Amino acid sequence: MDKLPKIALPIIFGLIVLVILISKSAVTIQSGEAGVLYKTFGGGVVTDEPPLGEGFHIVAPWNKVFVYEVRQQEVFEKLKVLSSNGLDIQLEASAWFQPKYEMLGKLHQEKSEAYKERILLPAIRSAARSVVGRYTPEQLYSSKRDAIQEEIFEETQKIVDDQYIQLNDILVRDVTLPETIKDAIERKLRQEQESLEYEFRLVTAAKEAEKVRIEAQGKADANKILSASLNDQILRDKGIDATLKLSQSPNAKVVVVGSGESGLPLILGNN
């Protein structure tokens, strides 16, 4: 060490300091992340510039970078809410969300890295309680699931939209009712289904009976028309035709011509 020139010591010391400064100043932002710059001597959180994007960055060693995930994320929540008639309902829901990229500095400054716990989850709970309280357990169990999901999404979005959070969707994954209420609803649904099937059978039977009646009426009308068209003259003509055909039969041996009650010729034949 004594053999090194005096000028070498400051150079070595400077290099060591430089390496330390570079290691402290180098920041790498990973894929799907963004960085919020905090300037210790320059006004704190930078909100008037875009966040630091993916890749390698050099910042002053006295400044800090807070890294946020900016991809879509999912958060789960189990809720205990009341229906419109005051019954306890267990609701399982999840939210798809991400921070608004251009507003990341504002989000960090006003809400901090715990924005999910401070803003998003309370908003979901409030919206879910408000929406579920409008419906009966039967509606929650059967027909209104999609409508409830959409309403919770819309109400949550209203709350978080100006809180620098982008809400993409709300999914209601499960609705759990008290067991006695669930059994009663299932019995009612079965009865309604059986009633619908019975009504269908009655309608089908009525249509079949109407079809048979129409066919019978048609035949009766046809016979009535045919009977009305067979006047005395037509009957005499048909009788003469039949008499001529019978007289021409090789089996006719005795022929008696006379007049019956109808005024038609009569022929009696013996084999």
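Residues numbered from 1 in each chain as written. Predicted model: local features only at pLDDT ≥ 70, side-chain atom pairs only at ≥ 80, totals over all residues. Heavy atoms only, no water.

- The name an unreviewed UniProt entry assigns to the chain is Prohibitin family protein, from the organism Pricia mediterranea.
- Regarding the chain, the UniProt comment filed under Subcellular location (unreviewed entry) reads as follows: "Membrane". (UniProt positions renumbered as here; feature names shortened; annotations may be inferred.)

## A few points about the overall build of the chain
Line of reasoning, step 1. A count of helical and extended segments in the chain gives seven helices and eight strands.
Line of reasoning, step 2. Taken over 271 residues, the chain has a buried fraction of 27%.
Line of reasoning, step 3. Sequence separation of 24 or more characterises 66% of the internal contacts of the chain that already satisfy a separation of 6 or more. (Helix = DSSP H or I, 4+ residues; strand = E, 2+ residues; numbered from the N terminus. Buried < 20%, exposed > 50% of the residue type's maximum accessible area, 1.4 Å probe, protein only. Contact = heavy atoms within 4.5 Å.)

## Quick notes on helix 5 (residues 145–160)
Line of reasoning, step 1. Its 16 residues give helix 5 an end-to-end C-alpha distance of 23 Å, which sits within 8% of 22 Å, the value for a rise of 1.5 Å per residue.
Line of reasoning, step 2. Buried residues of helix 5: Ile148, Glu151, Ile152, Phe153, Thr156 and Val160, and no others. (Expected span 1.5 Å × (residues − 1).)

## What to know about the sheet that holds strand 5 (residues 64–69)
Line of reasoning, step 1. Pairing is antiparallel across the open sheet formed by three strands, whose spatial order is 3-2-5. Strands at the two margins of the open sheet, each flanked by one partner only, are strand 3 (44–45) and strand 5.
Line of reasoning, step 2. With six bridges joining them, strand 2 (residues 33–39) and strand 5 adopt antiparallel strand pairing. When the bridges of strand 5 are listed, Tyr38 appears paired with Lys64. (Pairing = 2+ DSSP bridges.)

## Notes on the packing of aromatic side chains
Line of reasoning, step 1. This model, assessed by the stated rule, comprises three aromatic pairs.
Line of reasoning, step 2. Taking 6.3 Å as the distance between ring centres and 75 degrees as the angle between the ring planes, the aromatic pair formed by Phe97 and Tyr115 counts as edge-to-face. Placement of the pair is Phe97 in strand 7 (residues 88–99) and Tyr115 in helix 3 (residues 115–132), with a sequence separation of 18 residues.
Line of reasoning, step 3. Its relative accessible area of 2% is what places Tyr115 among the buried residues. (Phe/Tyr/Trp six-rings, centres within 6.5 Å; stacked < 30°, edge-to-face > 60°.)

## Considerations on helix 3
Line of reasoning, step 1. Compared with an ideal rise of 1.5 Å per residue, which puts 18 residues at 26 Å, helix 3 spans 25 Å between its outermost C-alpha atoms and is within 8% of the ideal.
Line of reasoning, step 2. Buried residues of helix 3: Tyr115, Ile119, Leu120, Leu121, Ala123, Ile124, Ala127, Ala128, Val131 and Val132, and no others.

## Quick word on unusual backbone geometry
Line of reasoning, step 1. Here Ser112, not a glycine, exhibits a phi torsion of approximately 80 degrees, which is positive.
Line of reasoning, step 2. Tracing the sequence through the fold places Ser112 in the loop between helix 2 (104–110) and helix 3.
Line of reasoning, step 3. Of note in this structure, Tyr164 is not a glycine but carries a positive phi near 70 degrees.
Line of reasoning, step 4. Tracing the backbone through its elements, the reader meets Tyr164 in the loop between helix 5 and strand 8 (165–176).

## Quick word on the nonpolar core
Line of reasoning, step 1. Formed by 37 residues in total, the largest nonpolar core has its most connected members in Leu91, Leu120, Ile152, Ile165 and Leu167.
Line of reasoning, step 2. Of all elements in the fold, only strand 2, strand 6 (73–82), strand 7, helix 2, helix 3, helix 5 and strand 8 reach the threshold of two or more residues within this core.
Line of reasoning, step 3. It is helix 3 that provides the largest number of residues to this core, a total of ten residues.
Line of reasoning, step 4. With seven residues, the next largest nonpolar core counts Val27, Leu37, Leu52 and Val65 among its residues. (Core = buried A, V, L, I, M, F, W, Y, C linked by side-chain atoms within 4.5 Å.)

## Section: the sheet that holds strand 7
Strand-to-strand pairing in sheets goes through backbone hydrogen bonds, with the strands running parallel or antiparallel.
Line of reasoning, step 1. Strand order across the open sheet formed by three strands is 6-7-8, with antiparallel pairing between neighbours. Looking along the sheet, the strands with just one partner apiece sit at the ends: strand 6 and strand 8. Going from strand to strand, the sheet's axes swing by 25 degrees on average, the running direction of each strand aside.
Line of reasoning, step 2. Helix-sheet contacts for helix 3 involve strand 6, strand 7 and strand 8, and the interaxial angle to strand 6 is about 40 degrees. (Axes fitted to C-alpha atoms, helices over the stretch in contact; angles between N-to-C directions.)

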